Amino acid sequence: MGDALGMPVEGMPHNEIEQVYGSIKNMMDGWLPKGSYTDDTQLMIGLAESLIECRGFSGAHMSRQFISNFEPHRGYGPGTIRVLNNVKEGQGWHEAASHLYGGGSYGNGAAMRIAPVGILYYDQPEKLKQVAEVTSRITHAHPLGVEGAVLQATAVGLAANVDLIESGTLNKIDFIEQLIAVSTLDEYQTKLDMIKSFITGPKNHTNNDIISALGVGVQAHKSVPMAIYCFLEKCGSYRDAVCYAVNMGGDTDTIGAMTGALAGALHGVRGIPEEWLEDLENSQKGRDHIMKLGEDLYDLHIN
Ligand code: R7I
Ligand code: MG
Ligand code: MG
């Protein structure tokens, strides 16, 4: 949902979105028709399909699934295209990603698709972390790319663990401290600490201050922290969280997708605005297929 909402303005800075659109609240036409999802969701679909079909992780199967789902018009990152091509032409799935950018990609492509791992393993944190790492390495071997995906998956799992009916609310400080405990790299620790001070300290910062501090870029360490921040800041409402994320500008489809995954894990399908669901593409692997993948992941978890 966040992917489709952010699609039309991907790459546009926050201030320009404000000038041109005021505030984006609903799906619009863009470089794809209104309600279309992009590479972020297409890869998420392949990841979920593979986990379900293999009843867990298989790198050989998952990379083949990414390749067979691939549609170039969805706007893939250049590194991901290269890896998928190289595997298609015979390179081993476990080695192709490490050749990119002289040590692997730190793009956000592994984090943006990771939600199904957080959902399937929400009650097994070690397994969650291990599967998040291995799924990431299919395309993103740089430690920053991998850790971004581990943090996003962990955050999805934490959100799925919260029972809003029982507890009434999300404990934001506890949530961010658990993520700080999982992170190992300075780039993430520093930003998670900043998120903690943004959400607990005085609210005297502007959106531009937050953008300067956390980033809205295509790099994992410049987008995963922003998605976590947007989710925590607007955790009372799925709609508010995803709108906030998309209107931050930059890599809007991806930050929208990741924030939506977090807010969706907390609020469930009932939190999603009806009109967004209606607008979402319902092609062969669109809305109905994605809903079914959610149900299948749930069945896989309980069986
Ligand atoms: O991560 P990836 O699949 O791209 C995802 C993005 C999302 O915004 C999608 O919505 C889609 O639009 O693309 O693709 P990669 O090519 O692996 O990484 C994305 C970008 O990060 C690259 O094109 C580089 O600009 C940058 N990047 C790096 N730059 C220098 N050195 C990633 N890793 C490096 C690096 O090691
Ligand atoms: Mg995209
Ligand atoms: Mg993007």
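Read on for an overview of the structure. Sequence order as written defines residue numbering, which begins from 1 separately in each chain. Whichever chain is written first is A, and whichever ligand is written first is 1; the rest continue in order. Reporting in this predicted model follows two pLDDT cut-offs: at least 70 for local features of residues, and 80 or more for side-chain atom pairs to be given and counted; totals over whole chains, interfaces and linings ignore these cut-offs and use all residues. Excluding hydrogens and water, the side-chain figures rest on all heavy atoms present in the structure.

## Some details on the coordination of the magnesium ion (ligand 3)
Only nitrogen, oxygen and sulfur atoms within 2.8 Å of the metal, or 3.2 Å for Na, K and Ca, are treated as donors, and water is left out, so sites may look incomplete. Coordination sphere of the magnesium ion (ligand 3), protein contribution only: Glu10 (OE), Asp251 (OD), Asp253 (OD) and Thr254 (OG1), at 2.0 to 2.2 Å. One chain supplies every donor for the magnesium ion (ligand 3), spaced along it as E-x240-D-x1-D-T. Here the magnesium ion (ligand 3) and the magnesium ion (ligand 2) are spaced 3.7 Å apart, with Asp253 acting as a shared donor. Of the two residues, Glu10 is situated in the loop between helix H1 (2-6) and helix H2 (14-21) and Thr254 in helix H15 (residues 252-267); the sequence distance between them amounts to 244 residues. Segments assigned H or I by DSSP are reported as helices when at least four residues long, segments assigned E as strands when at least two residues long, and all are numbered from the N terminus.

## Considering unusual backbone geometry
One non-glycine residue, Arg55, adopts positive backbone phi at about 50°. Position of Arg55 relative to the elements: it lies in the loop between helix H3 (39-54) and helix H4 (59-69). Categorising residues by exposure relies on relative accessible area from a 1.4 Å probe, with only protein chains included: less than 20% of the type maximum marks a residue as buried, more than 50% marks it as exposed, and the intermediate range marks it as partly exposed. Look at Arg55 and you get exposed, because its relative accessible area is 59%. At Tyr101, a residue that is not glycine, the phi angle is positive and equals roughly 45°. Note that Tyr101 resides in the loop between helix H5 (78-88) and helix H6 (115-120).

## Looking at the pattern of salt bridges
When a carboxyl oxygen of Asp or Glu lies within 4 Å of a side-chain nitrogen of Lys or Arg, that pair is called a salt bridge. With the rule as written, the count across this model stands at 9 salt bridges. Lys285 is the salt-bridge partner of Glu49, the closest N and O atoms lying 2.9 Å from each other. Linking Glu49 in helix H3 with Lys285 in the loop between helix H16 (274-279) and helix H17 (287-302), this pair joins segments that are 236 residues apart in sequence. Judged by relative accessible area, which is 23%, Lys285 ranks as partly exposed. The partner of Asp288 in a salt bridge is Arg287, and the shortest N-O contact between them spans 3.9 Å. Connected through salt bridges with shared partners, the residues Glu71, Arg74 and Glu281 form a single ionic network.

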